[in-house]
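# Overview (structure and organization)
Spelled out from the first residue to the last, the chains are:
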Amino acid sequence: MKIKNKVRFYVQLFFFVFIALIVANHQLEDIGLSIPLIPTLSLHAICPFGGVETLYSLVTYNQYLPKLHESTIILFGLVMISSILFGPMLCSYLCPLGSIQEWVGKLGKRLFKSKYNNFIPRKLDYWMRYFRYFSLVAVVYLTAKSLTLVFLEVDPFYALFNFYTSEVAIGSILVLIATLGLSLFVERPWCKYACPYGALLGLTNLIRIFPIRRKEDSCTSCKLCDRNCPMNIEISTKSSIRDTGCIACHDCLSEVSCPIENTVVIEQFTKKG
């Protein structure tokens with residue numbers, strides 16, 4: 001494991017534990033206890049997707065959806081700015097649901113070796129990826145129409161940290177179980193095929209200012225970058241990685257998997273390209 005991989009793992013672990021402690025602290029507050037130095041916030045307050053869900057209500061009625069407030073808008077704005085600059089790094093570095101799928105996937109890799117993450121035929125995989133855009137449109141439309149958090153009924157992220165409470169809908173628990181089960185066969189199945197927020201953030205790859213680039217003059221077409229990409233992107237055929245499925249995990253970079261120095265890199269976008 002090279003340095004950059006280790007850094008990402010430690011960042012993932014930190015945010016997973018930190019968010020778990022925030023959720024625990026919020027629940028302990030109800031019985032008069034608290035964990036020192038940990039904020040007493042609800043999970044809704046620290047989820048930037050809430051900013052997407054409440055945007056229509058805020059613009060149209062000047063009010064937030066129930067359980068949401070200004071922190072979700074602030075986080076949403078910060079994540080969008082960082083994604084336009086560097087791509088959807090929230091997905092690969094900060095999101096606990098993405099992290100736990102990746103960790104479960106390590107067991108899948110041990111069990112299925114090279115077959116792991118290659119069970120689904122490419123053509124089917126291509127069309128399945130469009131479902132998350134349907135998911136995004138459906139969530140935004142139904143939320144705007146009902147002015148309620150309809151996504152909460154199937155949200156695996158909320159279930160991940162609250163599965164033992166009565167607040168969690170059975171639908172979200174079932175989706176979480178299905179997501180973790182599928183992670184044994186497919187890397188990050190929720191991220192690839194269903195996440196509405198990932199669908200939105202993935203679009204920033206089309207305009208990101210610091211994209212991933214492959215330098216054709218030094219590339220040997222060994223395809224290690226392709227094999228290490230969790231989202232099954234064919235990096236070895238592209239000069240600039242603008243695929244909306246990219247989660248900016250950086251596993252394809254020369255510092256991580258590419259054996260040729262300074263070949264797969266992050267560079268500022270220029271018109272000359």
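Throughout, residues of each chain are indexed from 1 in the direction in which the sequence is written. Totals for whole chains, interfaces and linings use every residue, but because this is a predicted model, local features are given only for residues with pLDDT of at least 70 and side-chain atom pairs only at 80 or more, for both listing and counting. The side-chain values count all of the structure's non-hydrogen atoms but skip hydrogen atoms and water molecules.

This next bit is on the overall build of the protein chain. A count of helical and extended segments in the protein chain gives 12 helices and 3 strands. C-alpha atoms define the radius of gyration, and 2.2 Å times the number of residues to the power 0.38 defines the globule rule. A compact globule built from 273 residues would reach a C-alpha radius of gyration of about 19 Å, and the protein chain, at 19 Å, matches this within 12%. Based on the C-alpha atoms only, the size of the protein chain along its principal axes is roughly 60 × 45 × 40 Å. For the protein chain, buried positions account for 45% of its 273 residues. By definition in these notes, contact holds between two residues if any of their heavy atoms fall within 4.5 Å. In the protein chain, the proportion of contacts linking residues at least 24 apart, taken out of those at least 6 apart, comes to 71%. Each accessible area is a Shrake-Rupley estimate made with a 1.4 Å probe; only the visible protein chains count as cover when residues are assessed. Carbon and sulfur atoms form 67% of the exposed surface of the protein chain, whose accessible area is close to 14400 Å². As used throughout, the charge tally considers Lys and Arg to be positive and Asp and Glu to be negative, leaving His and the chain termini uncounted. To locate a charge, the coordinates of NZ of Lys, CZ of Arg, CG of Asp or CD of Glu are taken. Between the averaged position of the 27 positive side-chain charges in the protein chain and that of its 19 negative side-chain charges there is a distance of 9 Å. Here a helix means four or more residues in a row that DSSP labels H or I, a strand means two or more in a row labelled E, and each is numbered from the N terminus. Only protein chains enter the accessibility calculation, which uses a 1.4 Å probe; a residue is then buried when its area is under 20% of its type maximum, exposed when over 50%, and partly exposed in between.

By size, the foremost hydrophobic cluster in this structure holds 50 residues, and its most contacted members are Phe49, Phe161 and Tyr197. Sorting elements by how many residues they give to this core places helix α8 (residues 156-162) first, with 5 residues. In this view, phenylalanine 161 contacts Phe16, Ile19, Ala20, Val23, Gln27, Leu43 and Pro96; residues no more than four positions away in its chain are not counted. Working definition of a nonpolar core: buried Ala, Val, Leu, Ile, Met, Phe, Trp, Tyr and Cys residues. They are joined through side-chain atoms within 4.5 Å.

Before going further, it helps to spend a moment on unusual backbone geometry. Positive phi is not limited to glycine here, since lysine 113 has a value of about 55°. By secondary structure assignment, the location of lysine 113 is in the loop between α5 (96-112) and α6 (122-128). The phi torsion at alanine 248 lies on the positive side, around 55°, for a residue other than glycine. With respect to the helices, strands and loops of the structure, alanine 248 is situated in the loop between β2 (240-241) and β3 (264-266).

For the rest of this paragraph, the subject is the packing of aromatic side chains. Only the six-membered ring of Trp is used, alongside the rings of Phe and Tyr, when aromatic pairs are assigned; centres must lie within 6.5 Å, and planes under 30 degrees apart are stacked while those over 60 apart are edge-to-face, with the rest tilted. Summed over all chains, the structure comprises 21 aromatic pairs. Taking the centre distance of 5.6 Å and the plane angle of 40° together, the rings of phenylalanine 131 and phenylalanine 134 count as tilted. Residue phenylalanine 131 and its partner phenylalanine 134 are both found in helix α7 (residues 131-146); the two are separated by 3 residues, about one turn of the helix. In this structure phenylalanine 131 comes out as partly exposed when scored by relative accessible area, which is 44%. The class for phenylalanine 134 is exposed, based on a relative accessible area of 54%. Among the aromatic side chains, those forming a connected cluster through ring pairs are Phe9, Tyr10, Phe16, Trp103, Phe157 and Phe161. Charge-over-ring contacts are defined here by two conditions on Lys NZ or Arg CZ: a distance within 6 Å of the ring centre and an angle within 35 degrees of the ring normal. Looking at arginine 8, its charged tip hangs above the ring of tyrosine 93, at a distance of 6.0 Å from the centre.

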